[in-house]
Structures are given as structure tokens and as C-alpha cells.
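Overview (structure and organization)
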Amino acid sequence: MKVQALAALAETVRAARAAGKRVVHVRGIFDLINSGHIHRLEMARHQGDLLVVTVRSDDRLGEDRPMLDAALRTQVLARLACVDHVAVETGLDGDQAIGADLYVDGVDGDSSPGKPVTDDGLPFSPEGRAFLREFRHRYDADQVIEKMGSLGKLRALVVGDTIIDEYHFVRPFGMPLKSPIIASQFIEGQAHAGGILAVANHLAGFCKEVHLVTMLGGADAREDFVRQHLRTNITPQLFVRPDAPTTVKRRYLRKFLTQKLFEVSFFNDHPIAHELDVQVSRHLSRVAGQYDLVVVADFGQGFVSRNMVEILCRESRFLAVNTQMNSINMGFHVVTRYPRADYVCIDEDELRMACRDRYAAAPELARQVANDLQCQLLTVTRGHHGSLTYHPTKGFTAVPVLSREIVDTIGAGDAYLAVTAPCAAVGFPPELLGFIGNAVGALAVKILGNQQPVTPEMLFSSVRDLLR
């Protein structure tokens, strides 16, 4: 039977281990299971011969109980092919009662304390373990950290759209009798420096000096917030657009497990006025060539004009570009609006949109875009498939995902771009750039939005963990 009492499951585990099988135990709440839960359970299943799951009982979850009771949650889990057995926890902690070989807590974002992921600090996937075993033959942690130290002498210019990311946490009660809406109680809110501000903050931890060029709105500018949330080695040049607010993305989340409910955005993505375009373009023309690298995070919010693109492509010593696709600009905002770039970093959907091709192999499309933009390096981030980096003479380098815990994926691509752009500028080989990028991404997805930047201290600690 898949669904068992906890005592019976403990006996099943003991028998399996006695027979020489490796047992992986995952515990969590598993309310409203999504694709992220399933993916992580599948990765956990690859780590052993048997995957057992224990579900926290309703009476142990306090006031903010899940939508589904424990019996329903176990039934849903039992239908997953990757799960061998499932039980509801009783008074004992699940790991103490089961005694598996490998124990993982909080797979669904729960923050309860428990044993950390073991297995020599390696990620779940066999592909990740194989990559790191081979990578260790060429690099040790001290070598990687020493090479990262070479970025400290760089001066960088960053250009792009300011976005304020707001997170409003609520407690949903359900649907009122007379209205098809979700009635919720507001609990708390927080705001993060997102968009190009986040890119600048990530980059400023690794480079000597960062000059930021961005645009605020004439209405609800939030200039004080922006200045207060920039690192001290960032010099901002803030232009003002009178006919727009500073872009704000306000997300409403269920406090329990930080599940997103919906989003409201405040912005004007029409092209900026000619006079403002001329003003910004003159500034970029004057300063772009003074920096070791220029990083453009073009979110398609109306700031980066065609004139600016032409100047940046012409004047930059080393140009790193990312264009981001969202529900508003999908199909109208692609990386090929840039005639050239030295380094391009985009996700797979953005790559496919640029090529207008849903089905061709990603390497084929990456080569096509790299040739069109005359790239020295092009990286495609592919979610749980890791990343793929293309070099015109060295070919493709695939790096599997290195993350073990996912809190929020928002901002992970910005962190990847920010830290790998200077690596590309100083000539890091593709396999090292991909490893660093995926390590940064693994750290970024553990942070809610852009609550804090990925720092060198965080990255170096992760590198030592992965390469020990």
C-alpha cells in the first residue's frame, strides 16, 4: 500500500534498508501541489531506491491551516509515480520516526527547522553530481574564488528600467457568497529594489564601481526609496519621465507558504518623449566608453529607446545584454533589437521568441542568435534544466541546476546576468561562467524577490560547499 500509518511506514523503511536499498525521506505540508513540488520530489527520488513522504498533520500547523486536510494531501501524493509510500506524521518528528538514509525537510517552502540536505552537499539530480565530480578535476574552490577576485578592479555601467517589487502578504478566507473574488485579510507588506536596481546591487558586490542610468516617474517617483536601497559604490544618474509613475509591481501572496495569488502593475511602457530620449542618449554617448563593461537589463518598460540601443552597441567596450519578456510585451520585445552584443544572457522562452520558433532545439537557436548579434558568449537559462552557454569556437557547455531550495524565482535571472557579465568581460571560460551563474541562481531562488543581493560572501560559501 502506498498510504500507510507512520509506524507501518517506519517498518517498511527498516525492511528496505535491511535489503540494501537506499531510502530518501521528504517531509512537508504539500498543500495544493504544483509543478515545483513534483519536480523536487522527482529529483529526490533519483537520490535513492525508495522515496517516502510524510505529511504534517492538521493539528500541528497552528492557526493558518492548509486548504486540504491531511487525508486529501496524502491521497494526492500517493498518485505521483515518483512517490513510493506516504504517511501522516504523528507526535514524533518525521525524521526521527522513519530513519531514512537521506532526509529532506521543507521541500514545499516550509521554514520549519530540520536536518539540512546531506549527501556531501550535492544537489539532488544525478546530472548535478556528475557535473560537479568532473568540474572538481579542473577547479577547486580556492581557484574559483581567486578568479572571482579579479572582478574587483572593474568599473561598470548599468542601464535599464527601475522596478519596485512590492509583496503584500494576506490571509485568504475564501469566496464571499455574493462575489466571485478571494476575500483576504492584509497581514504585512514589504518593498524591494527590483529591475535594474537589483542588477546594480548584485554587480556592486563584485565590481569596484557601478554607474547606474535609469528612469523614475514624475508621479510617485519614490526617489528616496531608490537611493536608500542602492549599495554605497553605486552612483545613480536618475532621469525623470513626467508622464508616468515609477514602475511598481505589486504582488499579493498568501502568507502561508508565500503562494502568489495575483499581481497589479503601475507603469507606462510607451516610448519616452523625444526630448528625454535626446537627454539620456547624450549622457550615454558621453560615458559608455569610459567603463570596462556595460550591462543592459532591458525590461521593456519604455525607457531604453532605439537611439540608446544604437549608442550602447557602438560605444561600449564590452556590452552584456538581457531583454526580458513579460505578459505585456510578449512578442514585441526581443534581444534581436540589439544589433550586437559581446555577451547575451536570456532564458529559453526569450530565446525562442527572438527566433520565432517554439520547437527547434535550444542549441540551434542559441547559435543563430549568437551569430546574429556577433556574441563572444551567449547563455540560455533553462529553469530546472540548468543553463546552456555557447562560445563560437568552444561550442556548447551545459551546467545542470545547482539549487536545493526554492523560495521565489523572481530576480534569479537578474542575479545570473549581473554576476556572469563581469566574468564574461574578463574572459572566464564557458564552464566556469556557467558554474558561477548556476551557483548564483541557486542562491537567488532562496531569497524572496529582491529582498537582498547575492553577495560575494554568500557565493564563496556556496562554492566551497559545492566543491568540497
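Residues numbered from 1 in each chain as written. Predicted model: local features only at pLDDT ≥ 70, side-chain atom pairs only at ≥ 80, totals over all residues. Heavy atoms only, no water.

Topic: the sheet that holds strand 14 (residues 343–347)
Each strand in a sheet pairs with another by means of backbone hydrogen bonds, the pair being arranged parallel or else antiparallel. Strand order in the open sheet made by the 9 strands is 9-8-5-12-13-14-15-16-17, with mixed pairing throughout. Of all strands in the sheet, those bounded by a partner on one side alone are strand 9 (234–245) and strand 17 (395–399). Each strand axis lies, on average, 15° off the axis of its neighbour in the sheet, ignoring direction. With 4 bridges joining them, strand 15 (residues 377–381) and strand 16 (residues 387–391) adopt antiparallel strand pairing. Bridge assignment links Val380 to a residue of strand 16, and that residue is Leu388. The strands touched by helix 9 (residues 274–287) are strand 5 (155–160), strand 8 (209–219) and strand 9; relative to strand 9, the strand with the most contacts, the crossing angle is about 165°. The strands touched by helix 12 (residues 362–373) are strand 14, strand 15, strand 16 and strand 17; relative to strand 16, the strand with the most contacts, the crossing angle is about 45°. (Pairing = 2+ DSSP bridges. Helix = DSSP H or I, 4+ residues; strand = E, 2+ residues; numbered from the N terminus. Axes fitted to C-alpha atoms, helices over the stretch in contact; angles between N-to-C directions. Contact = heavy atoms within 4.5 Å.)

Looking at empty space enclosed by the protein
On inspection of all chains with the given rule, the structure shows 3 cavities of 30 Å³ or more. There is about 90 Å³ of room inside the largest cavity. Around the largest cavity, the lining comprises 14 residues; the ones closest to its centre are Thr162, Met215, Pro245, Thr247 and Gln301. Looking at the lining of the largest cavity, the elements that each hand over two or more residues are strand 8 and strand 9. In terms of residue class, the lining of the largest cavity is built from 5 nonpolar, 7 polar and 2 charged. (1 Å grid on protein atoms, 1.4 Å probe; cavity = no way out; pocket = protein on both sides within 12 Å on 5 of 7 lines; lining within 4 Å. Points joined across faces, edges and corners; volume = space filled by probe spheres on them. Nonpolar A, V, L, I, M, F, W, Y, C, P; charged D, E, K, R; others polar.)

Quick word on unusual backbone geometry
Residue Phe30 is not a glycine yet carries a positive backbone phi of 55°. Within the element layout of this structure, Phe30 appears in the loop between strand 1 (23–28) and helix 2 (35–45). Phe30 gets classed as buried once you look at its relative accessible area, which sits at 1%. You will see that Gln374, though not glycine, has its phi angle at about 55°, which is positive. (Buried < 20%, exposed > 50% of the residue type's maximum accessible area, 1.4 Å probe, protein only.)

Comments concerning helix 9
Over its 14 residues, helix 9 extends 20 Å from the first C-alpha to the last, a length consistent with the 20 Å expected when each residue adds 1.5 Å. Every buried residue of helix 9 is listed here: Leu276, Asp277, Val280, Ser281, His283, Leu284 and Val287. All buried residues of helix 9 lie within an arc of 160° about the axis, which places them on one face of the element. Summarising the geometry of helix 9, the exposed residues directed more than 90 degrees from the buried face are His274, Glu275, Arg282 and Arg286. Packing partners of the buried residues in helix 9 comprise strand 5, strand 8, strand 9 and helix 10 (306–315). (Expected span 1.5 Å × (residues − 1). Arc of directions from axis to C-beta.)

Things to note about a nonpolar patch on the surface
A contiguous nonpolar patch, built from Ile182, Leu261, Phe262, Val264 and Phe266 and spanning about 420 Å² of accessible area, is present on the exposed surface. For Leu261, the location among the structural elements is in strand 11 (residues 259–266). (Patch = residues over 30% accessible without salt bridge, like charges linked within 9 Å, V, L, I, M, F, W, Y side chains within 5 Å. Areas by Shrake-Rupley, 256 points an atom, 1.4 Å probe, with all protein chains shown as cover. Salt bridge = Lys/Arg side-chain N within 4 Å of Asp/Glu carboxyl O.)

Remarks on the nonpolar core
Ranked by internal contacts, the top residues of the largest apolar core, which has 69 residues, are Val144, Met148, Val295, Tyr343, Phe435, Ile436 and Leu459. When neighbours within four sequence positions are excluded, Leu459 is seen to be in contact with Met148, Phe206, Val419, Ile436, Ala439, Val440 and Leu443. Of all hydrophobic cores here, the second largest spans 43 residues; its members include Val309, Ile311, Ile346 and Leu373. (Core = buried A, V, L, I, M, F, W, Y, C linked by side-chain atoms within 4.5 Å.)

A word on the pattern of salt bridges
Counting across every chain of the model gives 24 salt bridges. Residue Arg254 pairs with Asp31 through a salt bridge whose shortest N-O separation is 3.3 Å. Of this pair, Arg254 sits in strand 10 (residues 248–254) while Asp31 sits in the loop between strand 1 and helix 2; the two residues are 223 residues apart in sequence, bridging distant segments of the chain. Linking Arg464 and Asp142 is a salt bridge whose minimum nitrogen-to-oxygen distance equals 2.9 Å. Placement of Arg464 in helix 15 (residues 456–467) and of Asp142 in helix 6 (residues 141–149) is noted, with a sequence separation of 322 residues between them.

Focus: the packing of aromatic side chains
One pass over the structure, following the stated rule, counts 5 aromatic pairs. On the basis of an interplanar angle of 25° and a centroid distance of 5.4 Å, the ring pair of Phe131 and Phe135 is categorised as stacked. One end of the pair, Phe131, and the other, Phe135, are both in helix 5 (residues 126–135), 4 residues apart, so they sit about a helical turn from each other. Residue class for Phe131 comes out buried when judged on its relative accessible area of 11%. For Phe135, a relative accessible area of 0% gives the class buried. Look at Phe135 and Phe435: their rings are 4.5 Å apart centre to centre, the planes differ by 25°, and that puts the pair in the stacked class. Taken together, the residues Phe135 in helix 5 and Phe435 in helix 14 (residues 430–444) connect sequence positions 300 residues apart. Taken together, the aromatic side chains of Phe131, Phe135, Tyr139 and Phe435 make up a single cluster linked through ring pairs. The ring centre of Phe428 lies 5.2 Å from the NZ or CZ of Lys147, which sits over that ring. (Phe/Tyr/Trp six-rings, centres within 6.5 Å; stacked < 30°, edge-to-face > 60°. Lys NZ or Arg CZ within 6 Å of the ring centre and 35° of its normal.)

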